[in-house]
Amino acid sequence: MERIFLKKDLGKNLEEYDFLGLKNALKMQPQQVINKIKESGLRGRGGAGFPTGIKWETVFSIENDTKFIICNADEGEPGTFKDRFLMENLPFKVLEGIIISGYATGSKYGYIYIRGEYVEAIKIVKKAIEKLYEKNILGENILNSDFLFDLKLVRGAGAYVCGDETSLINSIEGDRGKSRIKPPLPVFEGLYGKPTVVNNVETLAAAAEIMSYDNNPYSQMGTEKSRGTKLVSISGDVNKPGVYEVEFGKLTVKDIVQELAGGVKGEKIGFVIPGGISTEALTEEELDVPYTYENLQKMGSNIGSGGMIVVSSQRNHLEIVKNVSDFFRDETCGTCFPCREGNKNINKIVSDIYKRGYPTSHEIEIISDIQYAVSSAARCGFGESSLNLILSIFEKFYTKKVEV
Amino acid sequence: MEKYYEKELLEELHDIQETYGFISEEDILRISQKRDIPKAQLYGVISFYSMFHLEPTGKYIVRVCDSVSCRLNESTTLVKALKDYLKVEENETTKDKKFTLEVVECLGHCDEGPVMMVNDTYYTHLTVTKAIQILDSLE
């Protein structure tokens with residue numbers, strides 16, 4: 001793996017790990033920590049890309065005796081495995097980020113919610129939490145400061161939708177992982193109705209790393225709107241699948257596939273799913289785009305969670321569409337009508353198309369209508385993005401070939 | 001504040017299942033009384049999560065991933081071979097109660113597919129032969 005930003009601490013055990021980010025943070029006022037994160041330009045790495053410093057500042061500014069930090073480690077997007085990599089290889093960096101966000105926001109309580117299937121990551125993080133309590137890095141008077149912070153691990157139990165922050169909150173509260181209507185946003189009324197920061201694993205690890213420097217090297221990397229680096233997990237038809245750290249703007253999507261992941265297995269690239277199966281596919285002709293939030297958005301797609309899947313031109317595209325549609329049909333929480341019925345109905349149409357081997361223009365029109373309805377009316381990110389990939393594949397590969 | 005730090009319901013359910021292999025009606029009744037949650041609500045929660053079981057499962061739960069990345073690594077062939085070998089369909093348990101087969105969504109080892117998990121152990125870069133050898137070796 002090519003390492004740029006998280007390089008120096010990979011594989012370190014507790015004795016070797018310096019917690020410099022936390023030590024620096026504790027010497028500062030919470031607002032100063034928030035300012036440093038804001039200056040770094042760090043955006044949420046779970047998929048939505050919301051500025052992290054602003055989220056922290058909102059929770060900090062609300063007066064409440066009880067606030068929560070939740071580390072969202074419910075990584076379940078097919079093609080995405082960078083959070084597992086971080087938890088298994090850099091658990092202290094992730095936990096350090098959670099504690100720093102607790103300090104910066106005035107929260108005394110934190111949760112890390114890890115998907116139940118990640119048994120190895122769960123074991124490692126559980127042990128790391130125990131060690132941090134022993135070393136006085138969690139609990140009362142952390143590192144001899146006035147700051148106290150408790151952290152608990154909660155295991156998910158097999159529900160992709162719990163990656164949505166409001167579903168995740170319901171899940172920790174002991175409910176079905178159904179999404180909540182927003183507003184109120186979790187920063188105002190989150191876990192048990194209290195102000196809550198929900199941050200992705202990679203976001204928190206990056207925050208810990210940013211705090212470990214006196215200057216701000218993170219903000220020097222990347223572009224104006226996409227600062228720093230991003231962990232990209234690549235899988236599918238490539239020769240060297242794995243987790244790579246990419247500086248924003250330095251490489252194009254094509255470079256990532258060709259240079260980092262060793263190129264496509266098969267004749268040529270059919271399409272690339274740039275950020276997990278909730279993001280629109282890019283055709284081979286569209287891959288010369290620099291890897292940044294703004295450039296991928298310009299292409300009608302998204303960085304998403306960084307889960308890049310490469311599909312060779314020799315594959316049956318309809319099989320992928322069917323697989324993705326089955327996934328969303330099965331994983332919708334079913335609470336809101338557009339997402340539940342939309343995904344079910346699309347799945348019926350997609351199944352017909354898959355059996356027949358091609359779509360009709362009428363079917364593509366219906367899919368487009370349903371996609372519009374679901375993406376604009378669904379409660380949470382799951383529904384909003386569930387049909388993006390499916391529709392993009394139909395639009396890019398099948399509109400010219402179908403019968404009229 | 002302590003009330004927030006009681007054991008979360010999901011953790012309690014995980015612990016029960018780890019001990020007994022499934023969550024029984026008696027457990028549900030007990031939790032319902034202890035936490036003052038209606039039984040119907042508890043059933044709703046438990047059935048929502050695919051990792052919880054209301055019925056006994058086999059000694060080994062075999063979870064095979066069939067999501068996009070694994071599909072590109074021929075997981076379909078693996079799933080079919082395992083069904084044939086164990087003589088069960090998805091979510092069924094073998095007659096000798098040894099194996100329960102589950103076809104699951106993404107196990108997060110997309111770069112090492114196809115992947116299966118047997119109880120808490122991951123097996124990556126599988127072939128049909130290798131997968132069957134692994135199951136054969138389990139007592």
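Given the structure is predicted, the values throughout are model-derived calculations rather than measurements.

S.K.: Describe the overall build of chain B, with residues and values.
M.R.: Helix and strand counts for chain B stand at six helices and four strands. Starting at the N terminus and walking to the C terminus, you meet the elements of chain B as α-α-α-β-α-α-β-β-β-α. The dimensions of chain B, computed from C-alpha atoms along their principal axes, are 50 × 35 × 25 Å. Within chain B, contacts between residues separated by at least 24 positions form 54% of all contacts whose residues are at least 6 apart in sequence. As presented, chain B carries roughly 6,900 Å² of accessible surface, and 49% of it is formed by carbon and sulfur atoms.

S.K.: For the pairing of strand 6 (residues 242–247) of chain A, give the residues involved together with the corresponding values.
M.R.: Residue and element names in this part refer to chain A. Counting buried positions along strand 6 yields six of six residues, so the element is predominantly enclosed. The alternating pattern of strand 6 places G242, Y244 and V246 on one face and V243, E245 and E247 on the opposite face, and all of these are buried. Sheet topology note: the strand 5 (residues 229–236)/strand 6 ladder contains six bridges and is antiparallel. The residue of strand 6 that forms the bridge with S233 is V243. Between strand 5 and strand 6, which pair antiparallel and follow one another directly, the connecting turn spans five residues.

S.K.: Describe the nonpolar core, with residues and values.
M.R.: Grouped together as the largest cluster of nonpolar side chains are 68 residues, with contacts concentrated most on W56(A) and I112(A). Those residues in contact with W56(A) that lie beyond four places of it in its chain are V33(A), I34(A), I37(A), I100(A), S101(A), A104(A), T105(A), V197(A), N199(A), L204(A) and A207(A). Formed by 67 residues, the second largest nonpolar core is a distinct cluster that contains Y111(A), F327(A), I37(B) and L72(B).

Reading guide: rules and limits
Residues numbered from 1 in each chain as written. Chains lettered and ligands numbered in written order. Predicted model: local features only at pLDDT ≥ 70, side-chain atom pairs only at ≥ 80, totals over all residues. Heavy atoms only, no water. Helix = DSSP H or I, 4+ residues; strand = E, 2+ residues; numbered from the N terminus. Contact = heavy atoms within 4.5 Å. Areas by Shrake-Rupley, 256 points an atom, 1.4 Å probe, with all protein chains shown as cover. Buried < 20%, exposed > 50% of the residue type's maximum accessible area, 1.4 Å probe, protein only. Pairing = 2+ DSSP bridges. Core = buried A, V, L, I, M, F, W, Y, C linked by side-chain atoms within 4.5 Å.

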